[in-house]
Amino acid sequence: MKEDKFDFIVIGAGHHGLSMAGYLAQGGFKTLLLERRHEMGGGLSTEEVTQPGFYHNLHSNFHGLIPFMPCYTDFELEKSGVHYYHPEANLGMPLKDGRALVLYSDEIKSYESLEKFSKKDADAYARFKSSISDHMDELLTYVYSPPTKANEDGSHRLLTNLYGEEILHQSPYDWVKSYFENPHVQALCLFHMAIAGFDVTQKGMAKAGIGYLGFATNWQLCRGGSHFLAHAMGGYFLRQGGFLEENAPVKKIILDGKRAAGVETADGQKFYADKAVISAIDAHQTLLDFLPKDALASELREKVSKLDYGTGDSLFAVHLALKEAPQYTSAAYNPDINRTFNLNIGYETPEDVAEHFVETRAGEVPKVPRLNCSINTLFDPTQAPEGFHTGLIWQFAPYNIEGKGPEHWNKIKYDFAKECIKVWSTYAPNLADSVIDFYPYTPLDIGEKMVNMRNGGFHCASVMPSQLQSLRPTAELSGYKTPVEGLYMCGSCMHAHGGITGSPSYAALQVIADDFGIRDKLKIGNKFWEKSGAKK
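Residues numbered from 1 in each chain as written. Predicted model: local features only at pLDDT ≥ 70, side-chain atom pairs only at ≥ 80, totals over all residues. Heavy atoms only, no water.

**Digging into the pattern of salt bridges**
- A full pass over the atoms with the stated rule returns 24 salt bridges.
- Among the salt bridges present, the one from Glu47 reaches Lys449, with a minimum N-O distance of 2.6 Å. With Glu47 in strand S3 (residues 46-47) and Lys449 in helix H16 (residues 443-449), this pair connects stretches of sequence that are 402 residues apart.
- For Glu88, the salt bridge goes to Lys109, with nearest N and O atoms at 3.2 Å. Here Glu88, found in the loop between strand S5 (84-85) and strand S6 (89-94), pairs with Lys109, found in helix H3 (residues 107-115); they are 21 residues apart in sequence, far enough to count as distant.
- For Glu88, a relative accessible area of 37% gives the class partly exposed.
- Salt bridges linked by common partners bring Asp352, Glu355 and Arg370 together as one network. (Salt bridge = Lys/Arg side-chain N within 4 Å of Asp/Glu carboxyl O. Helix = DSSP H or I, 4+ residues; strand = E, 2+ residues; numbered from the N terminus. Buried < 20%, exposed > 50% of the residue type's maximum accessible area, 1.4 Å probe, protein only.)

Written out as structure tokens, the structure reads:
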């Protein structure tokens, strides 16, 4: 007979669900993890969508916080075969004038690269990276802790001490323009903030952008594809005695009075939780789809129904099977551009970046594609047949095309993909003849495949001032507890938003540990920033 009684039930086997379930199972608690799809991993998805043997990361590709992600070390994932490549030429942009700007994992090389464009900016960037490094423990404490008033006030004090009071009110665009002088340096830094997945023209978002820029040049690539990380996390959970049910979409959360007592899946199976039900998916499904209307106050239901999704974090993608890697004309200026991991193609000024957010807010498909690109096989040749390569294009794009709806993507996606490839080819002329096959992947496709990425938004709730920090996703829900007793949330819709960070799940774990008095059974408090914070 199938087990149906557990201590904890976790909904959603993306990386946050895997992290939460893994910690609870590690602590000796009987834990069930439910996944709607046929495989765990969520955004850690690697598939052969072009040709056999070409492996493409459909969602998450660039992993910047892996060295700090709590479960990476606590689950000893490297013993399960997880390996990350950290390319030295980490972030860069070729220019139409034949030059190239590259930032390196080696800060001295970054300085030398920036100095060719502006000595003042090279000095400013070095000061910036030094200030972030000096306060790394404080920044990580904020990222991996609940967004309490004390934590939020502390992060604001730190940023205002470093960059002035105006940082709390500026847009990333404003800050970059004020901090650097060269337009190409400004563009690369603003591009890096933009790929965090929020509108860089929004006032009040500079503080988030600065935190993200602080981890520039830390981009890493998972060997074998991003899904390998999910496999390792899932394997750890199962070895700890956890229970996994795939192909198990949740139909409703079972209530016992006003308490969350379990879940019922679409096929009628019922599972019960003695302690808590924990949702690692979006707020809309959790609170509006899975609960009866009278479980929440009407005011909160209204707030959840009006949450913004897909602003700044909806993407159009093209996945390519290639005969050879791109060779950039600007390699004559700096050969390292041919081996740069995270590439800005076409955003040559900060105005170029801002223009795309104006277009996407208006529901317009970008008139001039400008791209975030990568050739993963330069660093991990296992992701393509020997001698061949994969290519990745991401382009900011609206989910809902003005006047035509999201379904219009199905009509234009192949033509728009060709336009994106054409733009990349203007910087690397050999690319056009290198394409064997390509696969367009639209915001509509993303929202249909990953249903918690509503409107194609990978943060599962837009990152904006009204949905940030102690307001994420709403003020009432920001502490990871819902008004329903025994129901918690730990997915990317919570602080500190999406990306492969393990942040919301680890912060939620702390709240759950304190509520149930089980902190001593869990690996909490052993991270270097937690030890530093305890000493302070």
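**Here's the deal with the sheet that holds strand S17 (residues 435-441)**
- Here we have seven strands laid out as an open sheet, ordered S7-S6-S14-S15-S16-S13-S17, and mixed in their pairing. Each having just a single partner strand, strand S7 (100-104) and S17 make up the two edges of the open sheet. Direction aside, the axes of adjacent strands within the sheet are offset by 20° on average.
- By the bridge criterion, three bridges tie strand S14 (residues 342-345) to strand S15 (residues 371-374) in an arrangement that is antiparallel. Across the sheet, Asn344 pairs through a bridge with Asn372, a residue of S15.
- Against the sheet, helix H14 (residues 409-427) contacts S6, strand S13 (315-322), S14, S15, strand S16 (389-396) and S17, and its axis sits at roughly 65° relative to S13. (Pairing = 2+ DSSP bridges. Axes fitted to C-alpha atoms, helices over the stretch in contact; angles between N-to-C directions. Contact = heavy atoms within 4.5 Å.)

**Concerning helix H12 (residues 298-305)**
- Taken together, the buried positions of H12 are Leu300, Arg301 and Val304. For H12, the angular spread of the buried residues around the axis is 100°, confining them to a single face. Opposite the buried face of H12, at more than 90 degrees from it, the exposed residues are Ser298 and Glu299. (Arc of directions from axis to C-beta.)

**Looking at the pairing of strand S11 (residues 259-265)**
- Most of S11 is tucked away: seven of the seven residues are buried.
- With six bridges connecting them, strand S10 (residues 250-256) and S11 associate as antiparallel partners. Residue pairing for S11: Lys252 is matched across the bridge by Glu264.
- Counted between consecutive antiparallel strands, the loop separating S10 from S11 contains two residues, among which Gly257 sits at a positive phi close to 70°.
- The pairing of S11 with strand S12 (residues 270-279) spans three bridges and is antiparallel. When the bridges of S12 are listed, Glu264 appears paired with Lys270.
- Hairpin connection from S11 to S12: four residues lie between these consecutive antiparallel strands, with Gly268 at a positive phi of about 95°.

**Topic: the packing of aromatic side chains**
- Applying the stated criterion across every chain, the model contains 35 aromatic pairs.
- Judged by centre distance (6.0 Å) and plane angle (80°), the rings of Phe54 and Phe388 are edge-to-face. Of this pair, Phe54 sits in the loop between S3 and strand S4 (56-57) while Phe388 is found in the loop between S15 and S16, placing the two residues 334 residues apart along the sequence.
- The rings of Phe62, Tyr212, Trp219, Phe341, Phe379 and Trp394 are connected pair by pair, giving a single aromatic cluster.
- The ring of Phe6 is capped by Lys30, whose NZ or CZ atom sits 5.2 Å from the centre of that ring.
- One cation-aromatic arrangement involves Arg454 over Tyr309; the distance from NZ or CZ to the ring centre is 5.7 Å. (Phe/Tyr/Trp six-rings, centres within 6.5 Å; stacked < 30°, edge-to-face > 60°. Lys NZ or Arg CZ within 6 Å of the ring centre and 35° of its normal.)

**Looking at the packing of H3 against helix H4 (residues 119-134)**
- As a packed pair, H3 and H4 sit with axes 7 Å apart at the nearest point and diverge in direction by 150°. Comparing the axis directions of H3 and H4 gives the class roughly antiparallel. Remark: the crossing between H3 and H4 carries right-handed chirality. Mapping the contact onto sequence places Glu107, Ser110, Tyr111, Leu114 and Glu115 in H3 and Lys119, Ala122, Asp123, Tyr125, Ala126 and Lys129 in H4.
- A breakdown of the residues in the contact of H3 with H4 according to their chemical character gives five nonpolar, one polar and five charged. (Parallel < 35°, antiparallel > 145°, perpendicular 65-115°, else oblique. Left-handed = near helix turned anticlockwise from the far one by under 90°. Nonpolar A, V, L, I, M, F, W, Y, C, P; charged D, E, K, R; others polar.)

**Examining helix H13 (residues 350-361)**
- Its 12 residues place the ends of H13 17 Å apart at the C-alpha level, agreeing with the 16 Å of an ideal helix rising 1.5 Å per residue.
- For H13, the complete set of buried residues consists of Pro350, Asp352, Val353, Ala354, His356, Phe357, Glu359 and Thr360. (Expected span 1.5 Å × (residues − 1).)

**What to know about the pairing of S7**
- Taking burial as the measure, the five residues of S7 include five buried ones, the bulk of the element.
- Of the strand pairs in this sheet, S6 and S7 are connected by five bridges, and their pairing is antiparallel. Bridge assignment links Ala89 to a residue of S7, and that residue is Tyr104.
- The turn joining S6 and S7, which pair antiparallel and follow one another in sequence, is formed by five residues; a positive phi near 100° is taken by Gly98.

**A closer look at unusual backbone geometry**
- Following Arg472, the chain continues into Pro473 via a peptide bond in cis, with omega recorded as -10°.
- Here His495 and Ala496 are connected by a cis peptide whose omega angle stands at 5°.
- Of note, Ala496 is situated in the loop between strand S18 (487-489) and helix H17 (503-516).
- Residue Asn247 is not a glycine yet carries a positive backbone phi of 50°.
- Overall, Asn247 belongs to the exposed group, its relative accessible area being 53%.
- At Asn455, a position not held by glycine, the phi torsion is positive, near 55°.
- Inspection of the secondary structure assignment puts Asn455 in the loop between H16 and S18.
- Here Asn455 falls in the partly exposed class, since its relative accessible area comes to 32%.

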